[in-house]
Amino acid sequence: MIKRLVALVLILNVTACAELQDIANQLPQGPGVLSNTDIAAGLRQALDQGIDQQVAKLTQTDGFYKNELVKILLPEELQKVDKALRDIGLGNLADEGLKVLNRAAEDAVGEATPIFINAVKEITFNDAKNILLGDDNAATQYLTAKTQTALYAKFQPVINNSFSKVGADQIWANLITKYNAIPFTNNVNPDLTDYVTGEALKGVYTMIAVEEKDIRTKVSSRGTELLKKVFALQD
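Think of each chain on its own: its residues are numbered from 1, step by step along the sequence as written. Per-residue local features are limited, in this predicted model, to residues with pLDDT of at least 70; the limit for side-chain atom pairs, both in listing and counting, is 80 or more; totals at the level of whole chains, interfaces and linings are taken over all residues. As a rule here, side-chain values cover all heavy atoms of the structure and leave hydrogens and water aside.

### Notes on the overall build of the chain
Then comes step 1: When you go through the chain residue by residue, the secondary structure sums to 10 helices and zero strands.
Then comes step 2: With a 1.4 Å probe rolled over the protein chains alone, any residue whose accessible area is under 20% of its type maximum counts as buried; one over 50% counts as exposed, and the rest are partly exposed. Burial status across the chain gives 43% buried among its 235 residues.
Then comes step 3: A separation threshold of at least 6 residues defines the contact pool for the chain, and within that pool the share at least 24 residues apart is 82%.
Then comes step 4: In the structure as shown, the chain presents an accessible area of about 12900 Å², 53% of it carried by carbon and sulfur atoms. Helix and strand assignments follow DSSP, with helices taken as H or I runs no shorter than four residues and strands as E runs no shorter than two, numbered in order from the N terminus. Whether two residues touch is decided by their heavy atoms; if any such pair falls within 4.5 Å, the residues are in contact. Computed by Shrake-Rupley with a 1.4 Å probe, the accessible areas treat only the displayed protein chains as cover when residues are assessed.

Dropping the structure here:
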């Protein structure tokens, strides 16, 4: 009896794998006669649309600060700074400190676009097929894997420069000086450049994932005929 059950499980597993492989192999040969090139081009268009429609929003004033999906909040170490300053009547200064962190991210995100464009150009048919059969954010995961290291290296000096450009360095130097002067507090000296760089990257990928999900789930978001044909294969 046990041998029969084991044999049945093996047969079912082999059958399921074969069926999944058949689905994957048949993607380009459907009634619409989409070629491998068409499918890869469709996925490139989807990512380009995410970059054009969502990442561009982050570069605008309040692109981070007034977007609850990506707004940069204070790291845990600075939450006590924020509270202590508000407790002594410096709430406006604390608000400004939070705002300029988001301003620095908004200023830096424009540097991401060329890196994304290069990564999108490199999508192969196998990449595209895996993305098409993957999760709702499979394209975003692909882009993250391809660009995260390069973007971090690019963002960090830009964020540092942006701190000076938007006045964040002076504001936070003032904030931290005032906090460290409060009796019975432990001095802080956070690496804000590293923190904001990481949060800015999270925000960029979050917004691309938003657009990818729309394209996958809403026909109205598929802005070209090629996008409609390619993503009809996963509907």
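The structure having been displayed, the exposition proceeds.
### Quick word on the packing of aromatic side chains
Then comes step 1: Working definition: rings of Phe, Tyr and Trp (its six-membered ring) pair if their centres are within 6.5 Å, and the pair is stacked with planes under 30 degrees apart, edge-to-face with planes over 60 apart, and tilted otherwise. On inspection of all chains with the given rule, the structure shows one aromatic pair.
Then comes step 2: Considering the side-chain rings of Phe116 and Tyr205, the 6.1 Å spacing of their centres and the 70 degrees angle between planes classify their relative orientation as edge-to-face. Remark: Tyr205 occurs in helix 9 (residues 192-217) and Phe116 occurs in helix 5 (residues 112-121); sequence separation between them is 89 residues. In terms of burial, Phe116 and Tyr205 fall into one category: buried.

### Looking at the confidence of the model for the chain
Then comes step 1: Summary of the metric used: pLDDT quantifies the predictor's per-residue confidence within the range 0 to 100. In this model, the chain carries an average pLDDT of 80, and 86% of its residues clear a pLDDT of 70 or more.
Then comes step 2: Highest mean pLDDT in the chain belongs to helix 9 (90); lowest belongs to helix 1 (residues 2-26) (35).
Then comes step 3: In the model, residues 1-31 has pLDDT below 50 throughout and makes 16 contacts with residues more than four positions away in sequence or in other chains.

### Focus: the nonpolar core
Then comes step 1: With 67 residues, the main nonpolar core has Phe116 and Trp172 as its most contacted residues.
Then comes step 2: With residues near it in sequence (within four places) discarded, Phe116 still touches Ile51, Val55, Leu143, Thr147, Leu151, Val204, Tyr205 and Ile208. What we call a nonpolar core is a set of buried Ala, Val, Leu, Ile, Met, Phe, Trp, Tyr and Cys residues that are connected through their side-chain atoms within 4.5 Å.

### Some thoughts on the pattern of salt bridges
Then comes step 1: Should a side-chain nitrogen of Lys or Arg be within 4 Å of a carboxyl oxygen of Asp or Glu, the pair is scored as a salt bridge. Inspection of the entire model under this criterion finds 12 salt bridges.
Then comes step 2: A salt bridge links Glu225 to Lys228; its shortest N-O distance comes to 3.5 Å. In this pair, Glu225 and Lys228 both sit in helix 10 (residues 225-232), three residues apart, roughly one turn of the helix.
Then comes step 3: Of the residues examined, Glu225 reaches a relative accessible area of 53% and is grouped as exposed.
Then comes step 4: A single salt-bridge network, built from bridges that share partners, covers Asp62, Lys66, Arg103 and Glu106.

### Digging into unusual backbone geometry
Then comes step 1: A positive phi angle, near 70 degrees, is found at Asp62, a position not held by glycine.
Then comes step 2: Its location among the elements puts Asp62 in the loop between helix 2 (36-58) and helix 3 (76-87).

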